[in-house]
Each structure stands twice: as structure tokens, then as C-alpha cells.
Amino acid sequence: MLIVADENIPLLDSFFDDIGEVRRVSGRGMSPEDVQDADVLLVRSVTRVDRDLLEGSRVKFVGTATIGTDHVDVPWLESRGIAFCAAPGCNANSVAEYVLSVVSLHIEKKGLKDWADLSVGIVGAGNVGSELARKLDWLDCTVKLCDPPRAALEGEEGFVSLDEALACDVITLHTPLTRDGEHATYHLLDAGRLQALRADQLLINSGRGEVVDGRALLDRLDEANPPTVVLDVWEQEPRISPELVDRVWIATPHIAGYSLEGKVQGTEMIYQGLCRFLGLPVRKKAGQFLPEPALSKLSFTSAASEWSATTVAMRSCYDPRMDDSRLRLTMDREARERGVAFDRLRRDYPVRREFSSVKIQLKGTSKSLQDTFRALGFKLKI
């Protein structure tokens, strides 16, 4: 059995080498010739999987190690009897931790006291949005969830309108990309909605680049009193707009979900899907392949405030300003070279571990601080 896989999917050999031969190819440049003799195809979001790629191949199973599926023509796969598996929720915690780190920086930038001073509008309450809401609730933020498709199915209680979410101090986008239907998200934030944003607001997009109209956003940021903007996802990836990078507060190269835990869980989920398809036992789990983290323990005493302790711990695990610096250094190149550099930043992304990889030692601290660390996902030693 031949398994053709995006070379950037981690632990391919560890999970799949006893199932078949693994052939690594570039996800961005994957061609019909690459997959013609494949039985199994494993991809990420940079590969468009459709008739053009697979017509005439012998592929019988497609797995994407991503939470999103807008890059896969699922109806066409179904029409050809090709099994499909995604990895919903695999990196939800990673993205939530990215947003928390960004918001903690914003709180400091605005001179606020702590999380309770903020209202946060979460647009898209799937795996990522729901996990983020849970953490922000614990931090005493006022959280407003906007998810029209869920509200239509489950009822309006617990959800707010898009306009209400867009009026919050922080707006964070976690929708899939859909171009058709009543709740299409393509350019959901268009010129009109961007024009209504205030200078004291923070807009974060770590979902899908095309949910925000990039041209309209650039125009808005060139006007007086623009909002503060953080982008991890972009239109026209990988050849993103250097002008837009220059004008946003924090710019990162589509890596919000790139914790090692998130990436490995994505691999594990498509491994499980392939095992089910082939009728094989599931023998491997992500945890057995995770290495010892570079940072394993932090210690706080009763002298530490809850704000300082949690923010120090968060940023010890992840500080988005490092990724921002790396991306900005590539922006003085010509368009093609910028695209290559963008993909290289993702391919060669340094190991980033989630909060759960760090044990927090607390000496004489309050139960409130202990509970907060637990809610954020850290391990505790008291």
C-alpha cells in the first residue's frame, strides 16, 4: 500500500510505516502525478483535494490533518466512493492558547487591570471557539458567542447577533470558510463592518483568511482611528500582502494551531480514521511520541499576583511576538520569495508546547490562582 503524504505532517513514520510505504511530497505543490499510484492520500490545508488532483488515481482514502475541510471537495469524494477523514478539534486548544497570549499583550498595551475588564466577542463557536470561551469565562471576561448556524439549530439562547459580537472590546474569528448559503463567511467582515470598528477594539483572525476582506481592511487601517488588528491567517496565502503586514499590530504565518500537541493529535486522528477504514486495530496514541518539553516547570510563591503569574506562565509557553518578528523579516522580498519564505516559516516552525506540558509549582498561593492554572490547562504541584 502506498501512502502519499504532505511532508509537513509530523510523525508520519511513527504512525503509518507499518501500514504501508510512506512517500512525502510538497503539500503546496502536490500534483496529479504525485498521487496517481497512491492508495491513501494525507494532506493539510494547503492542498486542494478535488477532481483535478485525484481523477484517474487509485486513491481510496483521503485524510486531512486539519480541523477545516474547505480545501476538500467532499461531495466529489463521496461520488467516487473515496473515504474521507478530517481532524476536527485537533488543534483547538493550541489556537485558544494563541488567542489568550495575544489578549494578554493587549491588556498590557491598553493599561487595563486584568481579564475582567474585557468583553470578548467570539464569532464561530465550534471546537476552537467553545474551548476559548471556556477559558475566558474562567478568567472572568464577558464572553459573547456568535454562531448563526448553531443558533438556528439549537435556539437563540446563549448566542448573540454578529453586530453584538462586533461591538465587544475584543473580536476573535473562528468560523469555517463558506462561500454560499444563508450563513456564508467569505468576506464576513466587509468594508461596512470594518468601518464600524472602533479605535479601542482588538480584532483577531486565526480562523480563515478570506473571512476578512483584506483590501477593505487595509483601507480601514489607513484611516483615522483604526482598530488594533492581529492576523494569523491571510488572503492569498502564501504570497500575503506586505502592506497589510506592515499595518497590523501582530502578524503571524498561519501558525496559531501549530503547537506540537495540536499537530500530533491531527496525525493521530487521521491514523485512527485510516485504521477504521482498513479494519485494523488502533495501536498508537499521540502521547507516546511527545518528547520531553524544553520548559517543564515554573514556580510561583504567595508574592505573585494572579495576573502576573498567569501571564508569565502563558508567555513562557508561547509569545506571539517572536513569530511576528520572523514574518516581518521576510516582507522586503519580491512576491514569489515571500511566498516561499511564508511556507518555510510553517515548515520549519520551532517546537511549541501547550500549557499542559508545564508543571506549575505553587507555594502558599490562593485557591483562586490554583483553579485558574488548572482551567488554563497547566499541571499543578502544590
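Calculation notes
- Residues numbered from 1 in each chain as written.
- Predicted model: local features only at pLDDT ≥ 70, side-chain atom pairs only at ≥ 80, totals over all residues.
- Heavy atoms only, no water.
- Pairing = 2+ DSSP bridges.
- Helix = DSSP H or I, 4+ residues; strand = E, 2+ residues; numbered from the N terminus.
- Axes fitted to C-alpha atoms, helices over the stretch in contact; angles between N-to-C directions.
- Contact = heavy atoms within 4.5 Å.
- Patch = residues over 30% accessible without salt bridge, like charges linked within 9 Å, V, L, I, M, F, W, Y side chains within 5 Å.
- Areas by Shrake-Rupley, 256 points an atom, 1.4 Å probe, with all protein chains shown as cover.
- Salt bridge = Lys/Arg side-chain N within 4 Å of Asp/Glu carboxyl O.
- Lys, Arg positive; Asp, Glu negative; His and termini not counted.
- Charge placed at Lys NZ, Arg CZ, Asp CG, Glu CD.
- Buried < 20%, exposed > 50% of the residue type's maximum accessible area, 1.4 Å probe, protein only.
- Core = buried A, V, L, I, M, F, W, Y, C linked by side-chain atoms within 4.5 Å.
- 1 Å grid on protein atoms, 1.4 Å probe; cavity = no way out; pocket = protein on both sides within 12 Å on 5 of 7 lines; lining within 4 Å.
- Points joined across faces, edges and corners; volume = space filled by probe spheres on them.
- Nonpolar A, V, L, I, M, F, W, Y, C, P; charged D, E, K, R; others polar.
- Disulfide = S-S within 2.5 Å.

Engineer: Explain the sheet that holds strand 14 (residues 379-381) residue by residue, including any values.
Structural biologist: Across the sheet, which stays open at both edges, the 3 strands sit in the order 12-13-14 with parallel pairing between neighbours. Bordering the open sheet on either side are strand 12 (297-301) and strand 14, each of which pairs with just one other strand. Here the average twist between neighbouring strands, direction ignored, is 25 degrees. With 3 bridges connecting them, strand 13 (residues 359-363) and strand 14 associate as parallel partners. Looking at the pairing, Gln361 lines up with Lys381 of strand 14. On top of the sheet, helix 13 (residues 306-317) reaches strand 12 and strand 13; it is set at about 170 degrees to strand 12, its chief contact. Helix 16 (residues 367-376) contacts strand 12, strand 13 and strand 14 of the sheet and is inclined by roughly 175 degrees relative to strand 13.

Engineer: How would you sum up a negative patch on the surface? Please name residues and give values.
Structural biologist: Taken together, Asp114, Asp117, Asp137, Asp140 and Glu306 make up a surface patch of like negative charges. Its location among the elements puts Asp117 in the loop between helix 5 (92-110) and strand 6 (119-123).

Engineer: Hey, could you go over the pattern of salt bridges for me, with residue numbers and the actual values?
Structural biologist: Applying the stated rule across the entire model yields 26 salt bridges. With a closest N to O distance of 3.2 Å, Arg315 and Glu108 form a salt bridge. Separated by 207 residues along the polypeptide, Arg315 in helix 13 and Glu108 in helix 5 bring together distant segments of the chain. Residue classification places Glu108 among the partly exposed positions, given a relative accessible area of 41%. Ionic pairing is found between Arg328 and Asp324, a salt bridge with its closest N-O pair at 2.9 Å. A residue pair is termed a helical-turn pair when its members lie 3 or 4 positions apart in one helix, as Arg328 and Asp324 do in helix 14 (residues 320-328) at 4 residues. We classify Asp324 as buried; its relative accessible area is 10%.

Engineer: Help me get a handle on the nonpolar core, residues and values and all.
Structural biologist: By size, the foremost hydrophobic cluster in this structure holds 49 residues, and its most contacted members are Tyr98, Leu100, Trp115, Ile204, Ile360, Phe373 and Phe378. For this core, the secondary-structure elements that each account for two or more residues are helix 5, strand 6, helix 6 (127-138), strand 9 (202-205), strand 12, helix 13, strand 13 and helix 16. Counting residues in hydrophobic clusters, the runner-up holds 32 residues, among them Val211, Leu218, Ala251 and Leu345.

Engineer: Before we move on, could you go through the layout of surface pockets and cite the residues and values that matter?
Structural biologist: The volume enclosed by the second largest pocket comes to roughly 460 Å³. A breakdown of the residues in the lining of the second largest pocket according to their chemical character gives 4 nonpolar, 6 polar and 8 charged.

Engineer: Run through the state of the cysteines, naming residues and quoting values.
Structural biologist: Applying the stated criterion to the full structure yields 0 disulfides. The structure places no disulfide on Cys85, whose sulfur is separated from the nearest cysteine sulfur, that of Cys90, by 10 Å. Here Cys275 is not disulfide-linked; the sulfur of Cys85 is the nearest cysteine sulfur, at 10 Å. Using a relative accessible area of 1% as the deciding quantity, one classes Cys275 as buried.

Any functional reading would require information that these geometric values do not contain.
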